[in-house]
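# Chain and residue survey
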Amino acid sequence: MTLNEWIARYEAKTEPFKLEDGYRLHYEPGNGFVTYKVAGDYLILDHCCSDSMDWIHDTARQLAIKSRCHFLWTQTMRNPAAFCRHSHAHLDVEQSGYRRNGIFYWAFIVTGK
């Protein structure tokens, strides 16, 4: 799919897409996209869209390694238990909450090895 097709799919399922200041876009036509930024020792994911959670997880880990980050910080508005089981992430309750768009997001941290 084209990037515009992936974005349209993302927007149909979640919220309007906006590449926030300081974020970069990683896109692969056959897999989807992730947006991310580096903040100190953290790689922070924002918008993600793919048919494969494994692709998102593997891509985020590779971007973290490439950026020399030891932590991956991400969020979801979906079931946090399922996300934790799949990603082996730790729920960050203090960082979870309502965002500017009015939607509640669960925040997670994955520690690098």
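Up top is the structure these notes are about.
Everything in this summary refers to the structure shown in the same document. (Residues numbered from 1 in each chain as written. Predicted model: local features only at pLDDT ≥ 70, side-chain atom pairs only at ≥ 80, totals over all residues. Heavy atoms only, no water.)

## Focus on the nonpolar core
Stated precisely, the cut-off is as follows: Nonpolar cores are built from buried Ala, Val, Leu, Ile, Met, Phe, Trp, Tyr and Cys residues. Side-chain atoms within 4.5 Å join them into one set. Partly exposed describes any residue whose relative accessible area lies between the buried limit of under 20% and the exposed limit of over 50%, with all areas from a 1.4 Å probe on protein chains only and scaled to the type maximum. Helix and strand definitions follow DSSP, with helices as H or I runs of at least four residues and strands as E runs of at least two, each counted in order from the N terminus.
Within the largest apolar cluster, 16 residues are counted, with the highest numbers of intra-cluster contacts made by V34, L43, L45 and L72. Secondary-structure elements contributing two or more residues to this core are β2 (32-39), β3 (42-50), α2 (53-66) and β7 (104-111). If one sorts the elements of this core by residue count, α2 sits on top with 5 residues. Formed by 6 residues, the second largest nonpolar core is a distinct cluster that contains W6, I7, F33 and C49.

## Description of the side chain of D46
To keep it simple, the criterion reads: What makes two residues a contact is simply this: any of their non-hydrogen atoms within 4.5 Å.
With respect to the helices, strands and loops of the structure, D46 is situated in strand β3. Judged by its relative accessible area of 19%, D46 is buried. Contacts of D46, omitting those with residues within four sequence positions, involve E20, Y23, T35 and Q75.

## Details of the packing of aromatic side chains
Centre-to-centre distance and the angle between the planes together describe a pair of aromatic rings. Heads up, the rule is: The aromatic pairing rule takes the rings of Phe, Tyr and Trp, using the six-membered ring of Trp, and pairs them if the centres are within 6.5 Å, calling planes under 30 degrees apart stacked, those over 60 edge-to-face and the rest tilted.
A complete count under the given rule lists 6 aromatic pairs for this structure. Chaining the aromatic ring pairs together yields one cluster made of Y10, F17 and F33.

## Some words on the pairing of β2
Residues in a regular strand point their side chains to alternate faces of the sheet. Defined as follows: Think of it this way: DSSP has to see at least two bridges between two strands before they count as a pair.
One ladder, built from 5 bridges, connects strand β1 (residues 24-28) with β2; its direction is antiparallel. Bridged to Y27 within β2 is F33. In the sheet, β2 pairs with β3 via 7 bridges, with the strands oriented antiparallel. Bridge assignment links V34 to a residue of β3, and that residue is C48. Remark: 2 residues form the turn of the hairpin made by β2 and β3, two consecutive strands paired antiparallel; G40 in that turn has positive phi of roughly 65°.

## Side note on unusual backbone geometry
Of note, R68 is a non-glycine position whose phi angle comes to about 60°, a positive value. Relative to the elements of secondary structure, R68 occurs in the loop between α2 and β4 (71-76). Note on R68: relative accessible area 72%, which makes it exposed.

## Quick look at the pattern of salt bridges
To be explicit about the condition: Each reported salt bridge corresponds to a side-chain nitrogen of Lys or Arg within 4 Å of a carboxyl oxygen of Asp or Glu.
Under the defined criterion, the tally for this structure stands at 2 salt bridges. For D51, the salt bridge identified is with R9, shortest N-O distance 2.6 Å. Placement of D51 in the loop between β3 and α2 and of R9 in helix α1 (residues 3-13) is noted, with a sequence separation of 42 residues between them. Of the residues examined, R9 reaches a relative accessible area of 28% and is grouped as partly exposed. Residues K18 and E20 are paired through a salt bridge, measuring 3.9 Å at the closest nitrogen-oxygen approach. A relative accessible area of 23% places E20 in the partly exposed class.

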